[in-house]
Amino acid sequence: MRIGIVILPDQRWSQSQRRWRQVEEWGFDHAWTYDHLGWRDLVDGPWFDSMATLTAAATVTSRIRLGTLVASPNFRHPAAFARQVTALDDISAGRVLLGLGAGGIGFDSAVLGGETLPPRQRVDRFAEFTELLDLILRQDGATWRGEWFSAVDARNNPGCVQQPRVPFVMAANGPRSMRLVARFGQGWVTTGTGEEDLAGWWDGVAAVCARLDDTLAAAGRDPATLDRYLSLDSAPVFSLSSADFFAEQVARAAALGFTDVVTHWPRASSWYAGDEAVLVDVATRLLPELRSA
């Protein structure tokens, strides 16, 4: 089991860089940050750009993989984003994991003054975004036209360090998004289906796992070629509530076939509120055992 952690971009780099250094020293497999212009009730507080943050993180680490959890078409165009991704992959020496999703509602979908799209249209847009981003990252001089995005002779030279491109870790729960995972993804990430009790949440996770299995089978995709990531803190109980609880959640994820889990660096209040001492305990006492399970 590989274990990752999300570090929200809500601190100045002078403060947050020690976290990125620390998670590598502890032995986490991957570290992520959110790709938003503002997020939920943290929109009025400090917030920093994901790609700049990950680039800075790449310069103070050397092993750990780095990613967006997740980038979306809400405020990104594939042609411009491909240049940022290529630069980050180069600076990190090929350590990028590119989390991608359809994009939700809220600040990101409203701040640019556009309309908030219903779910079907968001998936339509996500399909175009993914297809065009894949094309540009693989092919120098890509020309493409769709309903949501277009590109004329978009360049990727020199291309990604990771070939044929950086891995896509794609967020999906529904059938259409899962078909995109089967077509383009090297990884799949889920947050479950939003139940308010822990048992119900795990039942929902099991259900989307089964849906993914069916989707891969229908597409003729070997399940062994797709890594599976679970965002543990989408559950109604914070995964780092205690070290023992974290270990239990990791074991449950492994039993459902997940190859990777992701937790969050505890915050003082609001989202992912918790005690950093629990994280330290997990990292220093349990992490080697959990990673070898």
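Quick caveat: nothing in here was measured; it's all calculated off a predicted structure.

Asker: Just give me the short version of the overall build of the protein, but keep the residues and values in it.
Answerer: Helices and strands together make up the secondary structure of the protein, namely 9 helices and 10 strands. A compact globule built from 293 residues should have a C-alpha radius of gyration of about 19 Å, and the protein, at 18 Å, falls within 12% of that. Referenced to the eigenvectors of the C-alpha coordinate spread, the extents of the protein come out at roughly 50 × 45 × 35 Å. Here the protein holds 293 residues, and the buried ones make up 53% of them. Long-range pairs, those at least 24 residues apart, make up 72% of the contacts in the protein between residues at least 6 apart in sequence. For the protein, the exposed surface amounts to about 12,500 Å²; the carbon and sulfur share of it is 51%. Side-chain charges of the protein comprise 28 positive and 35 negative groups, with the mean position of each set lying 5 Å from the other.

Asker: Please set out the pattern of salt bridges residue by residue, giving values where relevant.
Answerer: Applying the stated rule across the entire model yields 14 salt bridges. Between Asp 260 and Arg 2 there is a salt bridge whose closest N-O contact spans 2.8 Å. Highlighted residues: Asp 260 in strand 10 (residues 260–264) and Arg 2 in strand 1 (residues 2–6), separated in sequence by 258 residues. Taking relative accessible area as the criterion, Arg 2 reaches 32% and is therefore assigned partly exposed.

Asker: Can you lay out a nonpolar patch on the surface for me, pointing to particular residues and giving the numbers?
Answerer: On the surface, Leu 37, Phe 107, Val 111 and Leu 112 cluster together into a nonpolar patch covering about 350 Å² of accessible area. In this fold, Leu 112 is placed in the loop between helix 4 (107–110) and helix 5 (119–138).

Asker: Would you mind going over the sheet that holds strand 1 in detail, with residue names and values included?
Answerer: By way of backbone hydrogen bonds, the strands of a sheet pair with one another, either parallel or antiparallel. Taken together, 8 strands build a closed barrel; the order of strands is 1-2-3-4-7-8-9-10 and the barrel is parallel. Taken pair by pair, the neighbouring strands of this sheet meet at an average axis angle of 25 degrees, ignoring direction. Both strand 8 (residues 187–190) and strand 9 (residues 227–231) contribute to a ladder of 4 bridges, which runs parallel. Counterpart to Val 189 in the pairing with strand 9 is Tyr 229. Where helix 5 meets the sheet, it contacts strand 4 (96–100) and strand 7 (168–171), and its direction lies at approximately 180 degrees from that of strand 7.

Asker: Tell me about the pairing of strand 3 (residues 65–71), and please be specific about residues and values.
Answerer: Within strand 3, 6 of the 7 residues are buried, leaving the element largely enclosed by the surrounding structure. Here 4 bridges tie strand 2 (residues 30–33) to strand 3, and the two strands are oriented parallel to one another. Bridge pairing in strand 3 places Trp 32 opposite Gly 67. Each parallel crossover has a hand, and the one from strand 2 via helix 2 (residues 50–59) to strand 3 is right-handed. For strand 3 and strand 4, the ladder comprises 4 bridges, and the chain directions are parallel. Bridge assignment links Ala 71 to a residue of strand 4, and that residue is Leu 100.

Asker: Break down the UniProt feature "domain: Luciferase-like" (unreviewed entry) in the protein for me, with residues and values.
Answerer: Annotation from UniProt places "domain: Luciferase-like" (unreviewed entry) at residues 1–231. Helix makes up 41% of residues 1–231 and strand 19%, whereas the separation of the span's terminal C-alpha atoms amounts to 14 Å.

Asker: Describe in detail the packing of aromatic side chains, supporting the description with residues and values.
Answerer: Enumeration according to the criterion identifies 12 aromatic pairs in this entry. Between Phe 238 and Tyr 272, the ring centres sit 6.4 Å apart and the planes meet at 40 degrees, which makes this aromatic pair tilted. Here Phe 238 is found in the loop between strand 9 and helix 8 (243–255), whereas its partner Tyr 272 is found in the loop between strand 10 and helix 9 (276–292), with 34 residues between them in sequence. Comparing Phe 238 with Tyr 272 shows no difference in burial state: the two are buried.

Asker: Give a detailed account of the environment of Ala 273, specifying residues and quantitative values.
Answerer: Position of Ala 273 among the secondary structure elements: in the loop between strand 10 and helix 9. Put simply, Ala 273 and Ser 241 are 32 residues apart on the chain and 9.0 Å apart in space, counted from C-alpha to C-alpha. Ignoring anything within four residues of it in the chain, the contact list for Ala 273 reads Phe 238, Arg 267 and Ala 268.

Parameters and conventions
The residue numbers shown here count from 1 along each chain, following its written sequence. Two thresholds apply to this predicted model, a pLDDT of at least 70 for residue-level local features and 80 or more for giving and counting side-chain atom pairs, whereas whole-chain, interface and lining totals are computed over all residues. Side-chain metrics rest on all non-hydrogen atoms present in the structure, leaving aside hydrogens and water. Helical segments are the DSSP runs of H or I of at least four residues, strand segments are the runs of E of at least two, and each set is numbered from the N terminus. Throughout, the radius of gyration refers to the C-alpha atoms, and the reference size of a globule is 2.2 Å times the residue count to the power 0.38. Using a 1.4 Å probe on the protein chains alone, a residue whose accessible area is under 20% of its type maximum counts as buried, one over 50% counts as exposed, and one in between counts as partly exposed. We call two residues contacting when some pair of their heavy atoms lies within 4.5 Å. The accessible surface values rely on the Shrake-Rupley method and a 1.4 Å probe; as for residues, cover is taken only from the protein chains in view. Within this scheme the basic residues Lys and Arg register as positive and the acidic residues Asp and Glu register as negative, but His and the chain ends are omitted. By convention, charge coordinates are those of NZ in Lys, CZ in Arg, CG in Asp, or CD in Glu. What counts as a salt bridge is simple: a side-chain nitrogen of Lys or Arg found within 4 Å of a carboxyl oxygen of Asp or Glu. A patch is a set of surface residues, each over 30% in relative accessible area and not in a salt bridge, joined within 9 Å for like charges and within 5 Å for the nonpolar side chains Val, Leu, Ile, Met, Phe, Trp and Tyr. DSSP bridges decide pairing: two strands pair if at least two such bridges lie between them. Axes here mean lines fitted to C-alpha atoms, for a helix over just the part in contact, with angles spanning 0 to 180 degrees between N-to-C directions. Looking down the strands as they point away from the viewer, one classifies a crossover as right-handed if the path from the first strand across the helix to the second runs clockwise. UniProt positions are given in the numbering used here, feature names are shortened, and annotations may be inferred rather than shown by experiment. In this scheme Phe, Tyr and Trp rings, the latter by its six-membered ring, pair at centre separations within 6.5 Å, and the angle between planes marks the pair as stacked below 30 degrees, edge-to-face above 60, and tilted otherwise.

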